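# Summary of structural features
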Amino acid sequence: MSSRVCILDYGSGNVRSVYNMVQSISDDVVISNAPDDIRNASHLFLPGVGAFSAAMAKINSTLPMELIEEEVCGKGKPFLGICVGFQILADKSDEFGETDGLGWLSGTVGKISASGVRLPHIGWNDVDIVRECPLLNSFEDNRDFYFVHSFVFKDIDESQLLATTTYGETFPCVMGKDNILGVQFHPEKSQKPGRRMIENFLAIQQ
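Here's what I pulled together on the structure shown here. (Residues numbered from 1 in each chain as written. Predicted model: local features only at pLDDT ≥ 70, side-chain atom pairs only at ≥ 80, totals over all residues. Heavy atoms only, no water.)

Each strand in a sheet pairs with another by means of backbone hydrogen bonds, the pair being arranged parallel or else antiparallel. Here four strands make up an open sheet; going across it, the order is S6-S5-S7-S11 and the pairing mixed. Of all the strands in the sheet, just strand S6 (99-100) and strand S11 (151-154) have a single pairing partner and so form its edges. Taken together, the two bridges between strand S5 (residues 92-93) and S6 define a ladder with antiparallel strand orientation. Looking at S6, one finds that Lys92 is bridged to Asp100. (Pairing = 2+ DSSP bridges. Helix = DSSP H or I, 4+ residues; strand = E, 2+ residues; numbered from the N terminus.)

In the structure shown here, the tally under the stated rule is eight salt bridges. Between Lys75 and Glu70 there is a salt bridge, and its shortest N-O distance comes to 3.9 Å. Accessibility expressed as a relative area gives 44% for Lys75, which makes it partly exposed. Notably, a salt bridge pairs Glu169 with Lys154, separated by 2.8 Å at the nearest N-O pair. Of this pair, Glu169 sits in strand S13 (residues 169-177) while Lys154 sits in strand S11, placing them 15 residues apart in sequence. Three or more residues joined by partner-sharing salt bridges are found here, namely Glu70, Glu71, Lys75 and Lys77. (Salt bridge = Lys/Arg side-chain N within 4 Å of Asp/Glu carboxyl O. Buried < 20%, exposed > 50% of the residue type's maximum accessible area, 1.4 Å probe, protein only.)

Rendered as structure tokens:
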């Protein structure tokens with residue numbers, strides 16, 4: 001791969017595991033919040049674990065969000081949010097009180113309707129593709145990914161829905177709008193399917 005990758009560094013706990021997976025695919029990858037690394041990157045990752053509100057506080061205090069928004073929303077640089085890094089793309093979340101998100105994808109984030117299931121949702125689950133997109137190329141067979149979460153996207157724009165999974169309720173697990181993509185699961189922990197998905201993402205051109 002000729003991709004130049006920047007994994008956005010705001011103190012999230014799963015940055016290193018994302019780095020290890022990406023490094024096995026692309027030899028040009030950094031963990032950084034430096035403006036030059038963000039400008040020079042061909043692809044941006046935003047990992048995330050933990051609570052929405054804590055992640056947003058770290059993001060707003062650590063990352064140059066005006067620059068990132070220019071690169072992603074203005075220039076169309078491919079962007080992938082993972083787990084909480086996906087959830088913060090929503091308009092808002094009600095986890096530990098209402099917190100505004102980035103609003104790059106339409107919807108709100110709320111707790112899984114856990115009818116007869118335990119939370120958090122931890123483990124492997126099948127992903128059902130709703131709409132074709134480059135991120136989901138070559139997933140005719142193995143679509144099991146690793147999840148760790150209790151909150152999900154709700155009240156979405158259906159045109160942005162790419163895939164769902166079911167645990168207590170059926171919820172969006174892959175969403176996208178043009179170059180902005182997000183996944184609820186952890187591709188970096190999902191072995192071969194996760195590697196294939198990251199390869200697909202890095203093949204997307206600006």
